[in-house]
Amino acid sequence: MELVLHRAYFEEGTNGALFNSNKFLCYTIELPWNDNKRNISCIPEGVYEIEPRFSKRFKHHLILRDVKGRSFILFHPANDALKELQGCIAPVTYLSGIGKGVYSKNAMQKLLSLVYQAKDRKETILLTIKSQNYEHCRTL
């Protein structure tokens, strides 16, 4: 299964639109680009393998594998990138501003459902991150 994240970069944060098989899945929020610096930057564009993961803090979530110069880059719920993320990606149902969204837990459940179905089919799950300045990535 391949997920494609189209990003739009802004000084205050990074907004994205996540697709599966060319179908819109949800929006995403991230920290602004800051030269891939740990805890204060979104990760570089590229292709990453995704695996389901569980922790006490985030419960069921996803981890990205082999992010150059970084570790423990997760997909987990958050509604404000600057306050709640340290380099990770948060799925959101709606964008409410730059680096901000709402109903993140709902979007996370939708994403987890797809990933677990792909895992049940023994598929590799890939995330391709691209730059695309979609106007709807700014705000609704």
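Predicted, not measured: the structure shown is a model, and the values here were computed from it. (Residues numbered from 1 in each chain as written. Predicted model: local features only at pLDDT ≥ 70, side-chain atom pairs only at ≥ 80, totals over all residues. Heavy atoms only, no water.)

1. So, unusual backbone geometry
Non-glycine residue Asn-22 carries a positive phi angle of around 65°. Despite not being glycine, Asp-66 has its phi angle at roughly 55°, a positive value. Looking at the element boundaries, Asp-66 is found in the loop between strand E5 (59–65) and strand E6 (73–75). Classification of Asp-66 by relative accessible area gives exposed; the value is 75%. (Helix = DSSP H or I, 4+ residues; strand = E, 2+ residues; numbered from the N terminus. Buried < 20%, exposed > 50% of the residue type's maximum accessible area, 1.4 Å probe, protein only.)

2. A closer look at helix H2 (residues 104–120)
Over its 17 residues, H2 extends 24 Å from the first C-alpha to the last, a length consistent with the 24 Å expected when each residue adds 1.5 Å. Buried residues of H2: Ser-104, Ala-107, Met-108, Leu-111, Leu-112, Val-115 and Ala-118, and no others. Considered in projection along H2, the buried side chains sweep an arc of 135° and stay on one side of the axis. Every exposed residue of H2 that faces more than 90 degrees away from the buried side is listed here: Lys-105, Gln-109 and Asp-120. Positive phi shows up at Lys-122, right after H2, with a value of about 65°. (Expected span 1.5 Å × (residues − 1). Arc of directions from axis to C-beta.)

3. Here we look at the environment of Glu-123
Counting through the fold element by element, Glu-123 comes out in the loop between H2 and strand E10 (125–131). Each C-alpha atom of the pair Glu-123 and Leu-74 lies 19 Å from the other, and the pair is 49 residues apart in sequence. Ignoring sequence-local partners within four residues, the contact set of Glu-123 consists of Met-1 and Ala-118. Polar contacts involving the side chain of Glu-123 include one to the main-chain amide nitrogen of Met-1, which spans 3.1 Å. (Contact = heavy atoms within 4.5 Å. Polar contact = N/O pair within 3.5 Å; in protein donor to acceptor, adjacent residues only side chain to side chain.)

4. Some words on the pattern of salt bridges
All chains considered together, the criterion is met by three salt bridges. In this structure, the salt-bridge partner of Glu-30 is Arg-7, at a minimum N-O distance of 2.7 Å. With a gap of 23 residues between them, Glu-30 in strand E3 (residues 23–30) and Arg-7 in strand E1 (residues 2–10) connect regions that are remote in the sequence. We classify Glu-30 as buried; its relative accessible area is 0%. Classification of Arg-7 as buried rests on a relative accessible area of 1%. When the shortest N-O distance is used, the salt bridge between Glu-51 and Lys-119 registers 3.3 Å. Of the two residues, Glu-51 is situated in strand E4 (residues 46–55) and Lys-119 in helix H2; the sequence distance between them amounts to 68 residues. (Salt bridge = Lys/Arg side-chain N within 4 Å of Asp/Glu carboxyl O.)

5. Things to note about the side chain of Asp-80
Inspection of the secondary structure assignment puts Asp-80 in the loop between E6 and helix H1 (81–84). Lys-100 provides the closest opposite charge to the buried, unpaired Asp-80, separated from it by 4.0 Å. Setting aside chain neighbours within four positions, we find Asp-80 in contact with Ile-29, Leu-85, Gly-99 and Lys-100. (Lys, Arg positive; Asp, Glu negative; His and termini not counted.)

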